[in-house]
Amino acid sequence: MPVHRSGSTRLRAFTTVAAVLLAVLSLPRTTPPAGAAGGAPGVPPRGSAHMGMGVAAHDGVGRGTPTGRATRTEGVDVSSHQGDVAWPALWSSGVKWAYVKATEGTYYSNPYYTQQYNGSYDTGMIRGAYHFATPDSASGAAQADYFVDRGGAWSPDGRTLPGVLDIEWNPYGDACYGKSQSAMVSWIRDFLDRYRARTGRDAVIYTATSWWQQCTGNHAGFGTTNPLWVARYAATVGELPAGWASYTMWQYTSTGPVVGDHDLFDGTVDRVRALALG
């Protein structure tokens, strides 16, 4: 026979369910840590940034192909976006040097770093590592330590280039990472000083002129010590950031063969080797 509940029994059941729902809704909400995947709609997950990520959007893409290749040396830069890289194919196409993303902030290490870093070396390339800076997540010194400890160190073997500080538009938020121009200069100096103290080398600075002007006030204080790797997707390198009369490397496209990001070293392969030797 069917069991009929009294009105008081149904009331107690309803009250219990309501109390549980209220307790669940009252639980504190947590915010994902800075290194967590995901984020606001349209914002890429932390760790996914790569060299030149904002160049086309902010500076556009010019027409034409760089000239003077006889006195310049072709290179590439790679990150986890490329996965396992076909290094023999790149070598055969004329690429003689490479940079591999090692780290980002103090929360991300490239899972393809070993294949990319060792693979380029094994084909005969001169190679180095770069760090994607996120000045809003940790100090410059802390990020330099994280980088050096996870692939960004240097060795005087003639095949290892000094580490690169990749400082450019913030893909996760404010272009200048919420810092004033003077605070950004101080952050960059903090990173560079710690990198030199740890490795004995001055790090290369990768940036775009327009970002440098906007976020450092076109600071001219690093040109005498730190080689410049400038980003501009066009047939000519254009205006350089203040403090540098010339560039050492130039990222000229994000649509090159085999891997997208291709670069030119301003000199023959002997000059690349000289930078590696220090």
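Residues numbered from 1 in each chain as written. Predicted model: local features only at pLDDT ≥ 70, side-chain atom pairs only at ≥ 80, totals over all residues. Heavy atoms only, no water.

### What to know about the overall build of the chain
Here's step 1: Counting secondary structure elements, the chain contains eight helices and nine strands.
Here's step 2: Within the chain, the proportion of its 278 residues that are buried is 47%.
Here's step 3: Sequence-distant contacts, at least 24 apart, represent 68% of the contacts inside the chain between residues at least 6 apart.
Here's step 4: Split by element, the accessible area of the chain, about 12900 Å² in all, is 55% carbon and sulfur. (Helix = DSSP H or I, 4+ residues; strand = E, 2+ residues; numbered from the N terminus. Buried < 20%, exposed > 50% of the residue type's maximum accessible area, 1.4 Å probe, protein only. Contact = heavy atoms within 4.5 Å. Areas by Shrake-Rupley, 256 points an atom, 1.4 Å probe, with all protein chains shown as cover.)

### Here's the deal with unusual backbone geometry
Here's step 1: Even without being glycine, tyrosine 177 reaches a positive phi, approximately 60°.
Here's step 2: Positive phi, normally seen in glycine, also occurs at asparagine 218, with a value near 60°.
Here's step 3: Relative to the assigned elements, asparagine 218 resides in the loop between α7 (209–216) and β7 (228–231).

### Quick notes on the pairing of strand β1 (residues 73–78)
Here's step 1: Burial analysis of β1 places six of its six residues in the buried class, which makes it a mostly covered element.
Here's step 2: Where burial is concerned, the two faces of β1 agree: the one with Thr73, Gly75 and Asp77 and the one with Glu74, Val76 and Val78 are both buried.
Here's step 3: Alignment of β1 against strand β9 (residues 262–265), held across four bridges, turns out to be antiparallel. When the sheet's bridge partners are listed, glycine 75 is paired in β9 with aspartate 263. (Pairing = 2+ DSSP bridges.)

### Let's talk about the state of the cysteines
Here's step 1: One pass over the full model with this rule turns up one disulfide.
Here's step 2: Disulfide pairing places cysteine 176 opposite cysteine 215 at an S-S distance of 1.9 Å. Judged by the sign of its S-S torsion, about -75°, the bond between cysteine 176 and cysteine 215 is left-handed. With cysteine 176 in the loop between β5 (164–166) and α6 (181–199) and cysteine 215 in helix α7, this pair connects stretches of sequence that are 39 residues apart. (Disulfide = S-S within 2.5 Å.)

### A closer look at the confidence of the model for the chain
Parts of the model with low pLDDT should not have their predicted coordinates read in detail.
Here's step 1: Taken over all residues, the pLDDT of the chain has a mean of 89, while the share at 70 or more is 86%.
Here's step 2: Averaged pLDDT values for the elements of the chain fall to 41 in helix α1 (residues 7–25) and rise to 99 in β5.
Here's step 3: Across residues 1–38 the pLDDT falls below 50, and counting only partners more than four positions away or on other chains, this stretch makes 10 contacts in the model. (pLDDT = per-residue confidence, 0-100.)

### Section: α6
Here's step 1: Between its first and last C-alpha atoms α6 spans 27 Å; for 19 residues at 1.5 Å apiece the expected length is 27 Å, and the two agree.
Here's step 2: Buried within α6 are the following residues: Met184, Val185, Trp187, Ile188, Phe191, Leu192, Tyr195 and Thr199. The arc that holds every buried residue of α6, seen down its axis, measures 160°, which confines them to one face. Away from its buried face by more than 90 degrees, α6 exposes Ser182 and Ala197. (Expected span 1.5 Å × (residues − 1). Arc of directions from axis to C-beta.)

### Section: the pattern of salt bridges
Here's step 1: All chains considered together, the criterion is met by eight salt bridges.
Here's step 2: Between glutamate 74 and arginine 69 there is a salt bridge, and its shortest N-O distance comes to 2.8 Å.
Here's step 3: Assessed through its relative accessible area of 13%, glutamate 74 is described here as buried.
Here's step 4: The salt bridge partner of aspartate 145 is arginine 194, with a shortest N-O separation of 2.4 Å. (Salt bridge = Lys/Arg side-chain N within 4 Å of Asp/Glu carboxyl O.)

### Quick word on the environment of valine 259
Here's step 1: Take valine 259: it is sitting in the loop between β8 (249–253) and β9.
Here's step 2: Here valine 259 falls in the buried class, since its relative accessible area comes to 6%.
Here's step 3: With residues up to four places along the chain from it excluded, the contact list for valine 259 reads Val76, Val78, Gln82, Val85 and Leu90.

### Describing the packing of helix α5 (residues 140–152) against α6
A pair of packed helices can be characterised by two numbers: the angle between their axes and the separation between those axes.
Here's step 1: Two elements in contact, α5 and α6, have axes whose closest approach is 7 Å; the angle formed by their N-to-C orientations is 40°. On the basis of the axis angle, α5 is oblique to α6. As for the relative orientation of α5 and α6, their crossing is right-handed in sense. Judged by residue contacts, Gly140, Ala141, Gln143, Ala144, Asp145, Phe147, Val148, Asp149 and Gly152 of α5 engage Trp187, Asp190, Phe191, Arg194, Tyr195, Arg198 and Thr199 from α6.
Here's step 2: For the contact of α5 with α6, the per-class residue count stands at seven nonpolar, four polar and five charged. (Axes fitted to C-alpha atoms, helices over the stretch in contact; angles between N-to-C directions. Parallel < 35°, antiparallel > 145°, perpendicular 65-115°, else oblique. Left-handed = near helix turned anticlockwise from the far one by under 90°. Nonpolar A, V, L, I, M, F, W, Y, C, P; charged D, E, K, R; others polar.)

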